[in-house]
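Report on the structure
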Amino acid sequence: VVDAGGASAVVAAMDGHAADVELQMDGCGALRNMAAGGDACKQAVVDAGGASAVVAAMDGHAADVELQMDGCGALRNMAAGGDACKQAVVDAGGA
């Protein structure tokens, strides 16, 4: 999924539908799952703008507990990558 551009597609959908809490929750979950792969998967999610998309979703839907859980999981998985991934999460406001 990551190799086929899945992370970019999810980020684009999240960017285009910021008010849709269900889409944002599903997007955070999808990015969480993609970033659970190896370092290359984590980096691909970060490179697609995943950290920023997740932080924006969490900021935009602060009252949705399930979205917050999915978002935290996505940020955690991204931050488990190399130094560049960790820094991207921090730069996005996820730390």
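The structure this text deals with has already been given above.
Structural notes, computed from the coordinates. (Residues numbered from 1 in each chain as written. Predicted model: local features only at pLDDT ≥ 70, side-chain atom pairs only at ≥ 80, totals over all residues. Heavy atoms only, no water.)

Right, let's get into the overall build of the protein chain. Secondary structure summary: the protein chain contains 6 helices and 0 strands in total. The helix and strand sequence of the protein chain, counted from the amino end, reads α-α-α-α-α-α. Rg of the C-alpha trace for the protein chain: 11 Å, near the compact-globule value of 12 Å for 95 residues, within the 12% margin. Across its three principal axes, the protein chain shows a C-alpha extent of roughly 30 × 30 × 20 Å. The buried share among the 95 residues of the protein chain stands at 41%. Sequence-distant contacts, at least 24 apart, represent 63% of the contacts inside the protein chain between residues at least 6 apart. Taken as a whole, the protein chain presents about 4700 Å² of accessible surface, with 56% of it coming from carbon and sulfur. Looking at the protein chain, you have 4 positive and 13 negative side-chain charges, and the mean spots of the two groups are 11 Å apart. (Helix = DSSP H or I, 4+ residues; strand = E, 2+ residues; numbered from the N terminus. Rg over C-alpha atoms; globule rule 2.2 N^0.38 Å. Buried < 20%, exposed > 50% of the residue type's maximum accessible area, 1.4 Å probe, protein only. Contact = heavy atoms within 4.5 Å. Areas by Shrake-Rupley, 256 points an atom, 1.4 Å probe, with all protein chains shown as cover. Lys, Arg positive; Asp, Glu negative; His and termini not counted. Charge placed at Lys NZ, Arg CZ, Asp CG, Glu CD.)

The next thing to look at is the packing of helix H5 (residues 65-79) against helix H6 (residues 83-92). As a packed pair, H5 and H6 sit with axes 7 Å apart at the nearest point and diverge in direction by 145°. Note on element contacts: H6 touches H5 through Cys-85, Lys-86 and Val-89, opposite Leu-75, Met-78 and Ala-79. A class-by-class count of the residues in the contact of H5 with H6 yields 5 nonpolar, no polar and 1 charged. (Axes fitted to C-alpha atoms, helices over the stretch in contact; angles between N-to-C directions. Nonpolar A, V, L, I, M, F, W, Y, C, P; charged D, E, K, R; others polar.)

Turning our attention to the packing of helix H3 (residues 39-47) against H6. Where H3 contacts H6, the axes come no closer than 10 Å and their chain directions differ by 35°. For the element pair H3 and H6, the recorded crossing hand is left-handed. Contacts between H3 and H6 involve Lys-42, Gln-43 and Val-46 from the former and Ala-84, Cys-85 and Ala-88 from the latter. Classifying every residue of the contact of H3 with H6 gives 4 nonpolar, 1 polar and 1 charged. (Left-handed = near helix turned anticlockwise from the far one by under 90°.)

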